[in-house]
2 protein chains.
Amino acid sequence: MTGRPIIAILGGGQLGRMFLENALRYDVEVHVLDPDPKAPCARLAHRFVQGRFDDHATVMAFAQHAEVIGIEIEHVSVGALEELQRLGKTVIPDPKALRIIQDKGLQKQFYAGHGIPSAPFVMVEDKAGLSAHAHRLPGFLKARTGGYDGKGVMALQPETDLATVFEGPYVLEENTAIALELAVIVVRAMNGTTVVYDPVEMVFDPRLNLVDHLQAPARVDERITSEAKKLALRVAEALASPGVFAVELFLTRDGRVLVNETAPRAHNSGHHTIEACASSQFDQLLRVYMGWPLGDVHLRGLAALINLVGVEGTGIPELRGADDILHLPGTFIHLYGKAETRSGRKMGHVTVLADDQSALDQAIAVSKVHGRVVPARTTSERNEA
Amino acid sequence: MTGRPIIAILGGGQLGRMFLENALRYDVEVHVLDPDPKAPCARLAHRFVQGRFDDHATVMAFAQHAEVIGIEIEHVSVGALEELQRLGKTVIPDPKALRIIQDKGLQKQFYAGHGIPSAPFVMVEDKAGLSAHAHRLPGFLKARTGGYDGKGVMALQPETDLATVFEGPYVLEENTAIALELAVIVVRAMNGTTVVYDPVEMVFDPRLNLVDHLQAPARVDERITSEAKKLALRVAEALASPGVFAVELFLTRDGRVLVNETAPRAHNSGHHTIEACASSQFDQLLRVYMGWPLGDVHLRGLAALINLVGVEGTGIPELRGADDILHLPGTFIHLYGKAETRSGRKMGHVTVLADDQSALDQAIAVSKVHGRVVPARTTSERNEA
């Protein structure tokens, strides 16, 4: 490519914004498509187009001038990506890999077909079909398509009223006795070279079914670390696609490592790499797009990531506690610039770097106690308070 | 401030772009004013206004909605900044400090008045006046106002033809026997707290009179380091203004440290802080604007910065050697997104981090040999080649 290459990204949320932040260091031009005119990337991309990334014609029109097309969300028009690929454009990830990942049923069959261990499962067409599998409950129910951020996923008990369950088709997974959830980011270049970040350990908030915080590296022994990285690498190799892949894994109570699911994009579990590594997941993605050598994934020390999730209702977001958090030396705030905060919505995150666990724990605690994104109070409300 | 504060920056070049890159991590809104519609910040700021930052009315109209007004270049309308300050807005740096710094004559008098050591000088009104100071030559001649990036600065020899000299008024400095040039970045918060980065050592390219590369920390003994930091701090305290200040210093051959000049903004000599420190000079500036605690200035290791200067003429910029540079683990490329490359123009830089001098030297050499920004060749030119 000569001059300024154009990278077109489907989706303009926080992942796109963090990609953009890093891409600004290079002389590339980033175009973004998102249905929300107030998306975090709106007014920051070189070119922002309001439109649906799951609409074939919209994606084709949007991406026609780009050399490289990427995604920051899975729910996009794969048909359009396939057509763009046929036109000779670089599409990352490969649409074939995206078709597999978009459907959690195909994804599970794919793991099984490649001898990659994951929890036992059955495919179920609809609610009527679920009754036939009552003997498998309690289990874990996932919508085959369309799930996101804890939506389209639930624990299914024998006594659950099926009227409260989302629509199928489903994957019904056996309840696995989980000790820990891990995630591994793998990066695969167009020439097939790969790099793998250290596993991170995810701590969930059971109320919101969202990651509460994560820690890197995961506090597991060398055998588990090595097994987790090996499995993540096998997933990327089996998908045979360039890109950044976040492989979520379970460590079972009997010491096995299973693949849970894979995201074919930058992921919440890799945000700490912005400060904790020389090359972040977003920088790697740009290197993949540009055909540059992959970057250094070495962890600088212990790292933690605390999501800043909206509390106290809906409104213009306002961060409380920035002073307390920024007062600590190894603590970094990221806010995603969303137009509106809502309870449970990911509004930003805090990254913490530390040399030892007690310093890390302290900074996590400060960030969790003080860091709160709330609806901004108007001047009149403040005067009344 | 509730909701999303607006920061208005006068100037939209590479300093503004690197500020923007960091500011994207927070939920602030950045507006940029620059006369060049293709400036590096155009199409990346939340709002970009094409206009002159040295025009009073243009600056007033541009900044009327902002809470905070900052600069990325000195040559702005100080009158407008003073008026904005009177309107109750936060203006950083303080316009009083900017008035002193904009005029190199006032700046020299200011150092003298505060007992801050700098090279002996005289003020000279015009070319006719220069003849009266022939006995002081060779000396160093500076235009009192308007100089930038090696323009408005020259060595003046007894035999120099005055017809070739830029117009006055001037500061004529005594030729100081310089061993080394250093720079220290100081950050001063609105509440008067300060942090000081380690001194960097500047290596000049004598042909272009531009920094060729810099190294941090400077290879000088503890006494010199401490003296340089103390002087830089005294400058910021004497200016009594919040902001980021780059204090350029001379280490003389007889071991004295003298202040050369001060820039009241982020500076080329601090770009390595993006990767080499937890909090970069651009992050500190945002913290100053927002009234947040200042960040950690600790250096992670040895760092070097190599400017990528345009070569081989004018045209659409194209970086050669990205592969060779990015192949090294501790090496980071920054391109400023300028529309046109010209010989001698700063088009980007490479930052190198290393644990020892020989690894640093090697990466500097690779970056200098392979990293070249040239005019992009058209397809037809490539076919002919």
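Residues numbered from 1 in each chain as written. Chains lettered and ligands numbered in written order. Predicted model: local features only at pLDDT ≥ 70, side-chain atom pairs only at ≥ 80, totals over all residues. Heavy atoms only, no water.

S.K.: Please set out the overall build of chain A residue by residue, giving values where relevant.
M.R.: Per the secondary structure count, chain A includes 12 helices and 20 strands. Relative to its length of 385 residues, chain A is compact, with a C-alpha radius of gyration of 21 Å against a globular reference of 21 Å. Expressed along its principal axes, the backbone C-alpha trace of chain A runs to roughly 60 × 55 × 45 Å. Among the 385 residues that make up chain A, the fraction classed as buried is 59%. Only carbon and sulfur atoms are counted for the fraction: they give 51% of the accessible area of chain A, which is about 14,900 Å². (Helix = DSSP H or I, 4+ residues; strand = E, 2+ residues; numbered from the N terminus. Rg over C-alpha atoms; globule rule 2.2 N^0.38 Å. Buried < 20%, exposed > 50% of the residue type's maximum accessible area, 1.4 Å probe, protein only. Areas by Shrake-Rupley, 256 points an atom, 1.4 Å probe, with all protein chains shown as cover.)

S.K.: I'd like a description of the interface of chain A and chain B, backed by residues and values.
M.R.: Tallying the contact residues gives 45 residues for chain A and 45 residues for chain B. In total, about 4,100 Å² of surface goes out of reach between chain A and chain B, with carbon and sulfur atoms giving 51% of it. Sorting the residues of chain A by area buried against chain B places A:L24, A:R25 and A:R43 first, and these three jointly supply 18% of that buried surface. Across the salt bridge formed by B:R25 and A:E21, the nearest N and O atoms sit 2.4 Å from each other. Joining chain A to chain B, the criterion identifies 20 residue pairs in polar contact (both at pLDDT 80 or more). (Contact = heavy atoms within 4.5 Å. Buried area = accessible area lost by both parts, 1.4 Å probe. Salt bridge = Lys/Arg side-chain N within 4 Å of Asp/Glu carboxyl O. Polar contact = N/O pair within 3.5 Å; in protein donor to acceptor, adjacent residues only side chain to side chain.)

S.K.: Summarise the side chain of B:Q215; cite the residues concerned and give the values.
M.R.: Looking at where B:Q215 falls in the secondary structure, it is placed in strand 13 (residues 210-216). A polar atom in the side chain of B:Q215 sits 2.6 Å from the side chain of B:Q357.

S.K.: So, the relation of the copies chain A and chain B: which residues are in play, and what are the values?
M.R.: Overlaying chain A with chain B gives an RMSD of 0.0 Å, the required rotation being 180° about an axis along which the chain moves by 0.0 Å. Viewed as a symmetry operation, the transformation between the two copies matches a two-fold axis. Most of the interface of chain A is mirrored in chain B: 100% of its interface residues are interface residues there too. (Least-squares fit on C-alpha atoms with pLDDT ≥ 70 in both.)

S.K.: Summarise the packing of aromatic side chains; cite the residues concerned and give the values.
M.R.: Residue and element names in this part refer to chain B. Using the criterion set out here, one finds 8 aromatic pairs over all chains in the structure. Where F19 meets Y289, the ring centres are 5.5 Å apart and the plane angle is 70°; that geometry is what we call edge-to-face. On the criterion of sequence distance, the pair formed by F19 in helix 1 (residues 14-23) and Y289 in helix 9 (residues 281-290) is long-range, its members being 270 residues apart. Taking the relative accessible area as the measure of exposure, F19 reaches 2% and is therefore buried. The exposure class of Y289 is buried, given its relative accessible area of 1%. (Phe/Tyr/Trp six-rings, centres within 6.5 Å; stacked < 30°, edge-to-face > 60°.)

S.K.: If you had to explain the sheet that holds strand 9 (residues 170-174) of chain A to someone new, which residues and values would you point to?
M.R.: All names here are of chain A. Reading across from one edge, 6-9-7-8 is the order of the 4 strands in this open sheet, with antiparallel pairing throughout. Among the strands making up the open sheet, the edge pair consists of strand 6 (121-124) and strand 8 (153-156). Averaged over all pairs of adjacent strands, the angle between their axes in this sheet comes to 25°, without regard to strand direction. Sheet contacts for helix 5 (residues 104-113): strand 6, strand 7 (139-143), strand 8 and strand 9; angle to strand 6, the most-contacted strand, approximately 145°. (Pairing = 2+ DSSP bridges. Axes fitted to C-alpha atoms, helices over the stretch in contact; angles between N-to-C directions.)

S.K.: So what's going on with the environment of A:R372? Residues and values would help.
M.R.: Residue and element names in this part refer to chain A. With respect to the helices and strands, R372 occurs in strand 20 (residues 372-375). Owing to a relative accessible area of 29%, R372 belongs among the partly exposed residues under this scheme. Sequence separation between R372 and R144 is 228 residues; the distance between their C-alpha atoms is 34 Å. Each residue touching R372, except ones within four places of it in the same chain, is listed here: V311, E312, E318, L319 and R320.

S.K.: Can you break down the packing of helix 4 (residues 95-102) of chain A against helix 5 of chain A residue by residue, with the values?
M.R.: All names here are of chain A. It is the contact of helix 4 with helix 5, at a shortest axis distance of 5 Å, that shows an interaxial angle of 105°. The orientation of helix 4 with respect to helix 5, classified from their angle, is roughly perpendicular. Residues R99, I100, I101 and Q102 of helix 4 pack against K104, L106, Q107 and F110 of helix 5. A class-by-class count of the residues in the contact of helix 4 with helix 5 yields 4 nonpolar, 2 polar and 2 charged. (Parallel < 35°, antiparallel > 145°, perpendicular 65-115°, else oblique. Nonpolar A, V, L, I, M, F, W, Y, C, P; charged D, E, K, R; others polar.)

S.K.: I'd love a proper account of the packing of helix 1 (residues 14-23) of chain A against helix 9 (residues 281-290) of chain A, names of residues and values included.
M.R.: Residue and element names in this part refer to chain A. One can describe the packing of helix 1 onto helix 9 by two numbers: an axis separation of 9 Å at closest approach and a directional angle of 70°. Comparing the axis directions of helix 1 and helix 9 gives the class roughly perpendicular. Contacts between helix 1 and helix 9 involve L15, M18, F19, N22 and A23 on the former and, on the latter, F282, D283, L285, L286 and Y289.

S.K.: Lay out the sheet that holds strand 1 (residues 6-10) of chain B with the relevant residues and their values.
M.R.: Residue and element names in this part refer to chain B. A sheet is described by the order of its strands in space; here 5 strands give the open sequence 3-2-1-4-5, paired in parallel fashion. The open sheet has two edge strands with one neighbour each: strand 3 (47-50) and strand 5 (90-91). As paired strands, strand 2 (residues 29-34) and strand 3 are joined by 4 bridges and run parallel to one another. Bridge assignment links H31 to a residue of strand 3, and that residue is R47.

S.K.: Go over the nonpolar core with me, naming the residues and quoting the values.
M.R.: Judged by nonpolar contacts, the single largest core of 130 residues is most densely connected at A:I7, A:F19, A:L286, B:I7, B:F19 and B:L286. Residues in contact with B:I7, not counting those within four places in the same chain, are B:F19, B:V28, B:E29, B:V30, B:H31, B:V68, B:L286, B:Y289 and B:M290. (Core = buried A, V, L, I, M, F, W, Y, C linked by side-chain atoms within 4.5 Å.)

S.K.: Kindly report on the pattern of salt bridges, identifying the contributing residues and their values.
M.R.: Under the criterion given, the structure shown has 46 salt bridges over all chains. Measuring nitrogen to oxygen at the nearest pair gives 3.4 Å for the salt bridge that ties B:R43 to A:E29. One end of the pair, B:R43, is in the loop between strand 2 and strand 3; the other, A:E29, is in strand 2 (residues 29-34), on a second chain. Residue classification places B:R43 among the partly exposed residues on the basis of a relative accessible area of 44%. Judged by relative accessible area, A:E29 falls into the buried class, the value being 12%.

S.K.: I'd love a proper account of the pairing of strand 1 (residues 6-10) of chain A, names of residues and values included.
M.R.: In summary, the side chains of a regular strand alternate between the two faces of the sheet. All names here are of chain A. A large share of strand 1 lies buried, amounting to 5 of its 5 residues. Side chains of strand 1 alternate between two faces, with I6, A8 and L10 and I7 and I9 buried alike. Sheet analysis places strand 1 next to strand 2, joined by 5 bridges and oriented parallel. Each residue of the ladder has a partner; that of I7, found in strand 2, is V30.

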